[in-house]
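# Breakdown of the fold
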Amino acid sequence: MRRKLMAAGAFSLVMALGPGVPSGTAAAVPRPSGSTIPLGDGYMGAGYLADAEGFTADTRQIEFGAEGSASTQATQAGIDVSHYQGTINWSSVKSAGIKFAYIKATESTTYKDPTFSANYLHAHQAKVIRGAYHFARPALSSGAAQATYFAGNGGGWSRDNLTLPGMLDLEGGCSGKSVSAMRSWILDFSAMYRAKTGRDVVIYTGPSWWNTCTGGWGGMSARSPLFVAHWTGASSPSIPGGFPYWTFWQYTDSGSVGGVSGAVDRDRFSGDSERLLALANNTL
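First, a word on what this report is: a plain description of the structure on this page. Keep in mind that what you see is a predicted model, and the values were worked out from it rather than measured. (Residues numbered from 1 in each chain as written. Predicted model: local features only at pLDDT ≥ 70, side-chain atom pairs only at ≥ 80, totals over all residues. Heavy atoms only, no water.)

A word on the pattern of salt bridges. Applying the stated rule across the entire model yields three salt bridges. Put simply, Lys104 and Glu107 hold a salt bridge, and the shortest N to O gap is 2.4 Å. One exposure class covers both Lys104 and Glu107, and it is buried. Each of Lys104, Glu107 and Arg137 takes part in one network of salt bridges that share partners. (Salt bridge = Lys/Arg side-chain N within 4 Å of Asp/Glu carboxyl O. Buried < 20%, exposed > 50% of the residue type's maximum accessible area, 1.4 Å probe, protein only.)

Of note, Ser141 is situated in the loop between β4 (129-135) and α4 (143-152). Of the polar contacts made by the side chain of Ser141, one reaches the side chain of Gln146; its length is 3.0 Å. Setting aside anything within four residues of it in sequence, one finds Ser141 in contact with Ser108, Thr109, Gln146 and Trp185. (Helix = DSSP H or I, 4+ residues; strand = E, 2+ residues; numbered from the N terminus. Polar contact = N/O pair within 3.5 Å; in protein donor to acceptor, adjacent residues only side chain to side chain. Contact = heavy atoms within 4.5 Å.)

Further remarks concern the environment of Asn89. Topologically, Asn89 is positioned in the loop between β1 (76-81) and α2 (90-95). From its side chain, Asn89 meets the backbone nitrogen of Ser91 in a polar contact 3.1 Å long. A polar atom in the side chain of Asn89 sits 3.1 Å from the backbone nitrogen of Ser92.

Structure follows, in structure tokens:
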């Protein structure tokens, strides 16, 4: 039985795999834009830089103070990263007030982000609650095949107070699939991920992508927390059809934090620190 986190909360979900092995120093590199994203170049928000969502990024930083709909409850600050940020000092990130991070692990069934192992390990050592994400490539292979690759290459889970469930990044176009075929692909990924890890995958998407490619489908809302991408500068995001509320929110792709070089996506979790820990430990 799955229980809601809170009115704007999360669901019960999971991952499994220990920390990776640190890699060598990597320099930050510019992130690509454009309608075609080469294999390995995908990251959270890549489709939006290509205007796939029908809007461009608002680079204002949102302040969560005593007023406004996003500030009527406690929220936790987070970031999401990939090899585009280069080498990250996770102790500095932690000191800057970042409570959680999603780190790119894989794409399709052949690609693993070259900085994933170092980021995943060093975030853990700095006590940043972190999770891995998979950039979906529905045109290249089945959902089950990609979920298997993800779970075996960083997208696992352990109840260690520091590991979030894996996340499926859905953006950048419908991959030539019909609405029904895309729904089936997502269900295929979700079922295999749960079989491999024991938990449900987090869904990252934007309103336009989800409404266009799945028809505003509600088939994942009872199992998967929503990580919504909506860069508006507003105090709350728009929600894709089929989801009653957001659990994570990527609200800008601009800014710096903790000395991380290059553009850094900024995120929010909808609950307080106890709720974030409960999500990580599957104790909701």
